[in-house]
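Report on the structure
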Amino acid sequence: AEAARGRSGREAAGGAAAAGAPDAAVSRAALDGVLRMAELDPEACRAALPDVIRSLSWLVGDDETEAHRSSLAILARLLTPAAAANGKGDDKSEDEAFHKGACAAAEAALSPTLRDPEAEWEAHAAAVHGVTAVLEVNKKVGAWLLRQESIFWSLAEVAELEDEGLQRSLAEIYAHAAADVSLFKDKEGEEPIRHLRAFLRSPRPKVRARACVALAKVCLLHHDHRARIDPTGKLLAATRGLLEAKVPPHVHRWAVEALMYLTLMPDLKEHLAETGARFGSLVAVAHSASKDPSLHHALVSALGALCAPREKSDEQKRLEQEMDEAQIEQMRQLAAGGAGGAAPSERKDDPAVLTKLAATLVEDDAVLVLAELVAAAASRPGGSGASTLHTAARVLLSMATTPEARGKIVAQGGFKALLTCALCEHEPTATSAAWALAKVGISINPVAYPRRPGSGPESMVKPLLRLVDGAEHELQQFEACLALCNLATHPELQQRILTCGGWRTLTMSLACENELVQRAALEAMSNLTTADEVAAKFAEPGSTEAKIFVGFCGSDDPKAQLAASGADDPPPPEAATPLSHPPSGQPSSAHPPVGAIATLAGDPEIGSALLGAGALEPLVNIALLSDDPPLLHRAAVGLANLFNNNADAILGPAAPTDQSELPGPALTAVGALITLSSSPVEPAKAAAVGALVQLRKTRPDVPMPPAEVVQAVVANIRAEHAARVAEAEAEAAAEAAAKAGAGGSKEAAEALLPRGGGDEVEVEV
């Protein structure tokens, strides 16, 4: 160890040796010898631990040198208990005994020099670097050193010097010391904060980065100093500047750690959202993350704290169900020793603020960073990257909430990252990723996804179907169905959905009581009806599928009618756009349903099954009662296809001698076509006129009913519909009045109850 120290000691004294000189080779060889001995027999090295720490403190301080990294590796081996190094740290008494000896060795090595006012300056500087190294490899031993008051305050003597290495070490020591309440309590923290604020103006990125971490940590843990430091001012500006700068990975690591502490404060997040502050391009951070794995945890934690809602433990969820926030805070203070024993809880994050920050991060290329982190975490053995995948999935979910950000998420590798997270074994991670895929799938045209083996749009089908089948709440089901509806417009993806059991999953989701979920599932099923295997289901006698679609076609919800009677064709691939946002306030798929009753009726066999299921009546009702152009078009196309392919089933095999002998449904259907032939909706009018012309050609023996007969039938149907609507409105008004009366009675009764006597909780979904 003394031989390894020799060259560095002479350099500090001013006698630098040229590279390749004999003493440099001796120093490297000696350091390599200590490293080998520490690996083979650490107990032998610990016998001389104070001397080893004292000697190696001359070699640390510049984290870009090989000597610094080797010295840290040696200290990490010697200052880690043997049981913990082997993954068997269960014996607490043995662990305590080890740390007691390590603390004594560190004090013996560094304290005399730090406390000696007559010590040489080079030795004092080496001791400061030694404290930094001990803190980095064993925080427990380092914290014990800092609690020795004379040691802590003697370190501050280097603050006024213009030595980059010493300033860097002092800022790093302050960053570690911030976790100790006693060192920054009240006025005792004023001098360290003054030093750190001066370091914040340093032109050296290494010093600024460590000062940012120390100040951010003090702001978070010591509320009394937060106003003085002002985390939204120069501290935030310095941190953002370091993130955008092209600096070495270890500088980015410190800057990211500072951001991680800053983002835990809701005030700062609100400031970022209100001012629209940007982080600049995070491409440099993404490159650093690809080179330095130690950056990953702090980076994904910072992004998660910045834009993802805080996760609650099971215990916290249980407490929130049993008590209000004030009672929970009171219990927390009592557990800390009484009122004021713990710092006040941070305010809850505003979801709108988190969404805005997530959109800002997408603009600043944060998706590139997340893609790099997910790729690295997925390649780690033994599931050690599960935590990174979970946080990354939650961040991408928050980003995907903004429709305008979804295109960039796909373009910057977020889609592949989401697929990786969706296929992991951790259920919460897979659910978050699948939900984010659903949001992306609503807006992105299927032809715009990257087509790589294992990461194309076909890979998102299974996660989406699992989300529909096992969703925690209805919004997840709704958005997953919309994404499947969008994917089902592409023939290859349509077949993939069917192969994975998508038809059954979507059919089961129709049992949901939420009309939006029903409609979204029905739209997806409508797009799947163009597949041969689905069309065959409709052709079967007594087809359940035909009854389902006919039932929805006759519902009171116009949008459900639109989905069940769909007739529009999908846009050609060359007309597709990467983004296709739904109208504001009307979440819908990027493409309307393309199959369903209107299109399926073009097949004679399926048309016969639809007639058997009663499809004629809802189509006639739409034609005569609706004023919605898309619905009128679908009704016209459906009636035209039924008459063109199944006229005998509607009109009967033989022409009657008198119009009054026509079956009632046939007379109504012909009247509906005649009414549509004068419709202002041109596509509906064209379809109806074409059907009437074709009917005259194929069945010339069927005379058209007189105009007054048609008018009488139409007037009768509309009058019956109006009466039903009026009756339904009267029932709804009576039910609302009854609920209002019951609610008033309940409030009056609750007013008589003693405080806290009510156990009933009403939940609105």
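1. A closer look at the overall build of the protein
A count of helices and strands for the protein gives 42 helices and zero strands. Counting the 765 residues in the protein, one finds 48% classified as buried. Within the protein, contacts between residues at least 6 apart in sequence are counted, and of these 72% link residues at least 24 apart. Accessible surface for the protein amounts to roughly 35,800 Å². Of this, 54% is attributable to carbon and sulfur atoms.

2. Concerning the confidence of the model for the protein
Averaged over the protein, the pLDDT score is 79; the fraction of residues at 70 or greater is 83%. Scored below 50 in pLDDT, residues 567-594 makes 63 contacts in the model with residues more than four places away or belonging to other chains. Here residues 746-765 is modelled with pLDDT under 50, and outside its nearest four sequence neighbours on either side it reaches three contacts, counting other chains as well.

3. With respect to the environment of L56
Its location among the elements puts L56 in helix α4 (residues 49-56). Sequence separation between L56 and A1 is 55 residues; the distance between their C-alpha atoms is 6.9 Å. If near-sequence neighbours (up to four positions away) are discounted, L56 is found in contact with L31, S71, I74 and L75.

4. Overview of the pattern of salt bridges
Should their charged atoms come close, side chains of opposite charge can pair. Summed over all chains, the structure comprises eleven salt bridges. The partner of R210 in a salt bridge is E172, with the nearest N and O atoms 3.1 Å apart. Of this pair, R210 sits in helix α13 (residues 205-221) while E172 is found in helix α11 (residues 164-177), placing the two residues 38 residues apart along the sequence. On the basis of relative accessible area, R210 is assigned to the buried category, the value being 2%. Where K408 meets D365, a salt bridge forms, and the shortest distance between an N and an O atom there is 3.5 Å. With a gap of 43 residues between them, K408 in helix α25 (residues 406-411) and D365 in the loop between α22 (351-363) and α23 (366-378) connect regions that are remote in the sequence. D365 gets classed as buried once you look at its relative accessible area, which sits at 14%.

5. Some points on the packing of aromatic side chains
Each aromatic ring pair is described using two quantities: the centre-to-centre distance and the angle formed by the ring planes. For the structure on display, the rule yields three aromatic pairs. Geometrically, the ring pair formed by W503 and F538 is edge-to-face, given 6.4 Å between the ring centres and 75° between the ring planes. Residue W503 is found in helix α31 (residues 502-509), and its partner F538 is found in helix α33 (residues 532-539); the two are separated by 35 residues along the sequence. In terms of burial, W503 and F538 fall into one category: buried. Taking 5.3 Å as the distance between ring centres and 70° as the angle between the ring planes, the aromatic pair formed by F538 and F549 counts as edge-to-face. Of the two residues, F538 sits in helix α33 while F549 sits in helix α34 (residues 544-553), which places them eleven residues apart along the sequence.

6. Things to note about a positive patch on the surface
Residues R197, R201, R228 and K234 make up a contiguous surface patch of positive charge. Secondary-structure assignment places R197 in helix α12 (residues 190-199).

7. Brief notes about unusual backbone geometry
Here the phi dihedral of D230 falls at roughly 60°; this positive angle occurs in a residue that is not glycine. By the element assignment, D230 lies in the loop between α14 (226-229) and α15 (231-244). With a phi close to 70°, D365 is a non-glycine residue in the positive phi region.

8. Notes on the packing of α4 against helix α5 (residues 66-78)
One can describe the packing of α4 onto α5 by two numbers: an axis separation of 11 Å at closest approach and a directional angle of 155°. In this view, α4 runs roughly antiparallel relative to α5, as classed from their interaxial angle. α5 is crossed by α4, and the crossing has left-handed handedness. Of the residues in α5, those touching α4 at L49, V52, I53 and L56 are S71, I74, L75 and L78. Along the lines of polarity and charge, the residues of the contact of α4 with α5 split into seven nonpolar, one polar and no charged.

9. Focus on the side chain of E479
Mapped onto the elements of the fold, E479 is located in helix α29 (residues 474-487). Within the structure, E479 has its side chain in polar contact with the side chain of W435 (distance 2.6 Å). Leaving out residues up to four positions away in the same chain, E479 has contacts with W435, A438, K439 and I442.

Parameters at a glance
- Residues numbered from 1 in each chain as written.
- Predicted model: local features only at pLDDT ≥ 70, side-chain atom pairs only at ≥ 80, totals over all residues.
- Heavy atoms only, no water.
- Helix = DSSP H or I, 4+ residues; strand = E, 2+ residues; numbered from the N terminus.
- Buried < 20%, exposed > 50% of the residue type's maximum accessible area, 1.4 Å probe, protein only.
- Contact = heavy atoms within 4.5 Å.
- Areas by Shrake-Rupley, 256 points an atom, 1.4 Å probe, with all protein chains shown as cover.
- pLDDT = per-residue confidence, 0-100.
- Salt bridge = Lys/Arg side-chain N within 4 Å of Asp/Glu carboxyl O.
- Phe/Tyr/Trp six-rings, centres within 6.5 Å; stacked < 30°, edge-to-face > 60°.
- Patch = residues over 30% accessible without salt bridge, like charges linked within 9 Å, V, L, I, M, F, W, Y side chains within 5 Å.
- Lys, Arg positive; Asp, Glu negative; His and termini not counted.
- Charge placed at Lys NZ, Arg CZ, Asp CG, Glu CD.
- Axes fitted to C-alpha atoms, helices over the stretch in contact; angles between N-to-C directions.
- Parallel < 35°, antiparallel > 145°, perpendicular 65-115°, else oblique.
- Left-handed = near helix turned anticlockwise from the far one by under 90°.
- Nonpolar A, V, L, I, M, F, W, Y, C, P; charged D, E, K, R; others polar.
- Polar contact = N/O pair within 3.5 Å; in protein donor to acceptor, adjacent residues only side chain to side chain.

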